[in-house]
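# Structural overview for review
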Amino acid sequence: MDKEESKKKIALGSDHAGFEIKEQLAAYLKEKGYEVKDFGAYSADAIDYPEPAYSTAKSVSEHSTDEGILICGTGIGMSIVANKLPGIRAAVCNSVETAQISKRHNNANVLCLGSRIEHSDSFEKIVDEWLNAKFEEGRHERRVGKIHSLTGI
Ligand code: RB5
């Protein structure tokens, strides 16, 4: 049975470019009853995105948290790092539509957002819809399985 949505443990990470949005999302998620584990940045001072991306994705990879959200300037650097960890399927999304499909078809377990990229929906709405979307399984289960069996991670 699915973990009750409001009980999910969410790992959050950003660099300086995503710091403000991360803080905003952390408050929003806590307010909604999610448990949030914050992997930094802890201020708007410049830091290198691979570090928070690695620790955030590692916690999802090791199942210490259920899902992760990463924010940098574009979401791209974060996704490149996260996708190198075993079992991680990180997706850069800039709309409710891409976020929902990343879960329904790809079972994305890390959502990557770009603070400096134009989004067609609010960050909160994108996150909400992503967290609530369900993996459709069936043919997608086979395809997602191949991501890991072919790459070995
Ligand atoms: C930082 O300036 C920027 O490069 C970073 O936030 C991110 O966009 C990298 O992918």
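Above this text you will find the structure in question.
### What about the site of the ligand?
Residues in contact with the ligand, as listed here, are Asp 15, His 16, Ala 17, Tyr 49, Cys 72, Gly 73, Thr 74, Gly 77 and Arg 116. A distance of 2.6 Å separates an oxygen atom of the ligand from a polar atom in the side chain of Asp 15. At 2.9 Å from an oxygen atom of the ligand is found a main-chain nitrogen or oxygen belonging to Gly 77. If the ligand stood free it would expose 300 Å²; the protein chains cover 71% of that surface. Residue composition of the shell around the ligand, grouped by class: 3 nonpolar, 4 polar and 2 charged.

### What about the nonpolar core?
Leu 25, Leu 29, Ile 69, Leu 111, Leu 113 and Val 127 are the most contacted members of the largest nonpolar core, which has 22 residues in total. Within the residue set of this core, elements represented by two or more residues are strand E1 (9–14), helix H1 (19–31), strand E3 (67–72), helix H4 (96–104), strand E5 (110–114) and helix H5 (123–132). With 5 residues, H5 is the single largest residue contributor to this core. Beyond its immediate chain neighbours, meaning those up to four positions away, Leu 25 contacts Leu 12, Ile 69, Ile 71, Leu 113, Phe 123, Glu 124 and Val 127.

### Quick word on the pairing of E1
In terms of burial, E1 is a largely internal element, 5 of the 6 residues being buried. Bridge count between E1 and strand E2 (residues 35–38): 4 bridges; the pairing is parallel. For Lys 9, the partnering residue across the bridge sits in E2 and is Glu 35. Note on the crossover from E1 through H1 to E2: the handedness is right-handed.

### Regarding the side chain of Lys 103
For Lys 103, the position within the fold is in helix H4. Exposure remark for Lys 103: the relative accessible area of 3% places this residue in the buried category. Not counting residues within four places of it along the chain, the set of residues in contact with Lys 103 comprises Lys 8, Glu 67, Ala 108, Trp 130, Leu 131, Ala 133, Lys 134 and Phe 135.

### A word on a positive patch on the surface
Together, Arg 139, Arg 142, Arg 143 and Lys 146 make up a region of like positive charge exposed at the surface. For Lys 146, the position within the fold is in helix H6 (residues 139–151).

### Focus on the environment of Ser 120
Tracing the chain through its elements places Ser 120 in the loop between E5 and H5. The exposure class assigned to Ser 120 is exposed, which follows from its relative accessible area of 58%. Along the sequence, Ser 120 and Thr 65 sit 55 residues apart, while their C-alpha atoms lie 28 Å from each other. Discounting residues that sit within four places of it in the chain, Ser 120 has contacts with Asn 94 and Ser 95.

### Brief notes about the sheet that holds E5
Read from one edge to the other, the open sheet built from 5 strands follows the order E2-E1-E3-E5-E4, with strand pairing classed as parallel. Bordering the open sheet on either side are E2 and strand E4 (90–92), each of which pairs with just one other strand. Strand after strand, the sheet turns through a mean of 25° between neighbouring axes, direction not considered. Where E3 lies against E5, 5 bridges are found, and the strand directions are parallel. Across the sheet, residue Cys 72 finds its bridge partner in E5, namely Gly 114. Packed onto the sheet, H1 meets E1, E2, E3 and E5 and runs at close to 165° relative to E1.

About the thresholds
- For every chain, the first residue of the written sequence is number 1, and numbering continues from 1 along that sequence.
- In keeping with the model being predicted, local features are shown solely for residues with a pLDDT of at least 70 and side-chain atom pairs are shown and tallied solely at 80 or more, while totals for entire chains, interfaces and linings include all residues.
- Hydrogens are left out, water is left out, and the side-chain values use all remaining heavy atoms of the structure.
- Here a residue is near a molecule or strand as soon as one of its heavy atoms is found within 4 Å of it.
- In protein, a polar contact requires one atom able to donate a hydrogen and another able to accept it; more generally it is a pair of N or O atoms within 3.5 Å, and residues adjacent in sequence count only if both atoms are side-chain atoms.
- Each accessible area is a Shrake-Rupley result for a 1.4 Å probe, and residues are judged covered by the shown protein chains and nothing else.
- Throughout this entry, Asp, Glu, Lys and Arg are counted as charged residues, while Ala, Val, Leu, Ile, Met, Phe, Trp, Tyr, Cys and Pro are counted as nonpolar. The remaining residues, Gly among them, count as polar.
- Buried Ala, Val, Leu, Ile, Met, Phe, Trp, Tyr and Cys residues that are joined via side-chain atoms within 4.5 Å together make up what is termed a nonpolar core.
- Using a 1.4 Å probe on the protein chains alone, a residue whose accessible area is under 20% of its type maximum counts as buried, one over 50% counts as exposed, and one in between counts as partly exposed.
- A helix here means a DSSP run of H or I that spans at least four residues, while a strand means a run of E at least two residues long, and both kinds are numbered starting from the N terminus.
- Contacts between residues were defined by any pair of non-hydrogen atoms, one from each residue, lying within 4.5 Å.
- Two strands pair if DSSP finds at least two bridges between them.
- Here the term right-handed applies to a crossover when the path leading from its first strand over the helix to its second strand runs clockwise, the strands being oriented away from the viewer.
- Patch criteria: residues need more than 30% relative accessible area and no salt bridge. Like-charged residues are merged within 9 Å; nonpolar side chains of Val, Leu, Ile, Met, Phe, Trp and Tyr are merged within 5 Å.
- One speaks of a salt bridge when a side-chain nitrogen belonging to Lys or Arg is within 4 Å of a carboxyl oxygen belonging to Asp or Glu.
- The charge count includes Lys and Arg as positive and Asp and Glu as negative, but it does not include His or the ends of the chains.
- Just so you know, the charge point we use is NZ for Lys, CZ for Arg, CG for Asp and CD for Glu.
- Geometry is summarised by axes, namely lines fitted to C-alpha atoms with helices restricted to the contacting stretch, and by angles between N-to-C directions that run from 0 to 180 degrees.

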